[in-house]
Amino acid sequence: MTDAARQQPVSGVVFDLDGTLTAPAIDFDAIRRDIGIERGAPILETLAALPTDERRRAFRILEKHEEKAAAESRLSPGAEELLAFLDRARMPRGLVTRNTRRSVDAFVARHRINLDVVVTREDAPPKPSPAPLLHALERLDVSPAEAIYVGDHEIDRLTGEAAGVTTYIVRTHPEIKDCGPDERRIDRLSDLIGLIRTSRE
Ligand SMILES: [Mg+2]
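Here is what the cut-offs are and how they apply
- Throughout this description, residue numbers start from 1 for each chain and increase along the sequence as written.
- In keeping with the predicted nature of the model, local features appear solely for residues at pLDDT of at least 70, side-chain atom pairs appear and are counted solely at 80 or more, and the whole-chain, interface and lining totals rest on all residues.
- Excluded from the side-chain calculations are hydrogens and water; all other atoms, namely the structure's heavy atoms, are used.
- Only N, O and S atoms count as donors, using a 2.8 Å cut-off from the metal and 3.2 Å for Na, K and Ca, and because water is excluded some sites may appear unfinished.
- Exposure categories follow from relative accessible area, calculated using a 1.4 Å probe and restricted to protein chains: below 20% of the type maximum is buried, above 50% is exposed, and the middle band is partly exposed.
- A pair of strands is labelled paired if DSSP reports no fewer than 2 bridges between them.
- Runs of H or I in DSSP of at least four residues are treated as helices and runs of E of at least two as strands, each being numbered from the N terminus.
- The contact criterion used is simple: two residues touch if any of their non-hydrogen atoms lie within 4.5 Å.
- Throughout, an axis means a line fitted to C-alpha atoms (over the contacting stretch in the case of helices), and angles, computed between N-to-C directions, take values from 0 to 180 degrees.
- Roughly parallel means an angle under 35 degrees; roughly antiparallel means over 145; roughly perpendicular covers 65 to 115; every other angle is labelled oblique.
- Just so you know the grouping, Ala, Val, Leu, Ile, Met, Phe, Trp, Tyr, Cys and Pro go in nonpolar, Asp, Glu, Lys and Arg go in charged, and all remaining residues, Gly too, go in polar.
- Values of pLDDT, the confidence the predictor places in each residue, fall between 0 and 100.
- Note: domain ranges come from an automatic or database domain assignment.
- Accessible surface is computed with a 1.4 Å probe, and the buried area is the amount of it that two parts give up when combined, taken over both parts together.
- Salt bridges are defined as contacts in which a side-chain nitrogen from Lys or Arg sits within 4 Å of a carboxyl oxygen from Asp or Glu.
- Two N or O atoms form a polar contact when they lie within 3.5 Å of each other; inside protein one atom must be a possible hydrogen donor and the other a possible acceptor, and for residues adjacent in sequence the pair counts only when both atoms belong to side chains.

Quick look at the coordination of the magnesium ion
For the magnesium ion, the full set of protein donor atoms is Asp16 (OD), Asp18 (O) and Asp152 (OD), and the range of their distances to it is 2.1 to 2.2 Å. We classify Asp16 as buried; its relative accessible area is 6%.

Following this line, the structure appears as structure tokens:
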């Protein structure tokens, strides 16, 4: 059985923001360096464990990086084509990110993108918890089995798996090793157009 055959007709798409809808712009290692945390450490989880004053200082550094990246963001390859296709198909779409509402607002305003739901780190526990993805799907009124989730990182793969949502990983991050099975990796977001069409035939 092919992957497309296993997939129920897709009736909603949820995206990660950084490195998925946007071309990669946030230098996470620079953030870790500026804050003074270990290379490779999960940023939000490490900051959550800091004493209050230190945590505030660290979040200010993180937010400065995130806001700059959102203000200068570029759409990732194929994003415009995919979003236009979703518009034509009148398909609900959402965004789930470990980033802030403020960054998402700046991104949405810059690129004039329509999103039916946005779940940020202010709204729910961060990915890889499945909670933000499940929350987005509930708001979209799309079941996990009829949805696809698109990310660019192992965190996204784990989130999708925990939520029971078919997850595709776009290869925009040269420094991050491929994660997930081959058939769930895509080179550009517009590769999903064919997959969605096939699922609905
Ligand atoms: Mg990402």
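A look at the sheet that holds strand β5 (residues 166–170)
Spatially, six strands are ordered β3-β2-β1-β4-β5-β6 in an open sheet, and the strand pairing comes out parallel. Bordering the open sheet on either side are β3 (117–119) and β6 (185–186), each of which pairs with just one other strand. The sheet contact formed by strand β1 (residues 12–15) and strand β2 (residues 93–96) spans three bridges and is parallel. The residue bridging Phe15 from the neighbouring strand is Leu95, located in β2. With respect to the sheet, helix α8 (residues 131–140) is in contact with β1, β2, β3 and β4 (147–151), its orientation differing from that of β3 by roughly 160 degrees.

Considering the packing of helix α5 (residues 52–71) against helix α7 (residues 101–111)
With their axes 8 Å apart at the nearest point, α5 and α7 run at an angle of 10 degrees to one another. Relative to α7, the element α5 lies roughly parallel. Only Arg102, Ser103, Ala106, Phe107 and Arg110 of α7 make contact with α5, whose side of the interface consists of Glu66, Glu67, Ala70 and Ala71. Residues of the contact of α5 with α7, tallied by class, amount to four nonpolar, one polar and four charged.

So, the confidence of the model for the protein
On average, residues of the protein score 92 in pLDDT, and 93% of them are at 70 or above. Confidence over residues 1–5 falls short of pLDDT 50; this stretch has five contacts with residues more than four positions distant or in other chains.

Observations concerning the domain arrangement of the protein
Splitting the protein by domain gives domain 1 (3–25 + 74–199) and domain 2 (28–71). Distance between the C-alpha centres of domain 1 and domain 2: 24 Å. Domain 1 puts 13 residues into the contact, and the matching count from domain 2 is 11 residues. Interface area lost by domain 1 to domain 2 is led by Arg98, Ser103 and Arg121, which between them contribute 43%. If you look at where domain 1 meets domain 2, you find four salt bridges. A salt bridge links Arg98 to Glu45; the nearest nitrogen and oxygen atoms lie 2.9 Å apart. Taken together, the connections running from domain 1 to domain 2 amount to four residue pairs in polar contact (both at pLDDT 80 or more). Split by residue class, the side of domain 1 that touches domain 2 holds five nonpolar, three polar and five charged.

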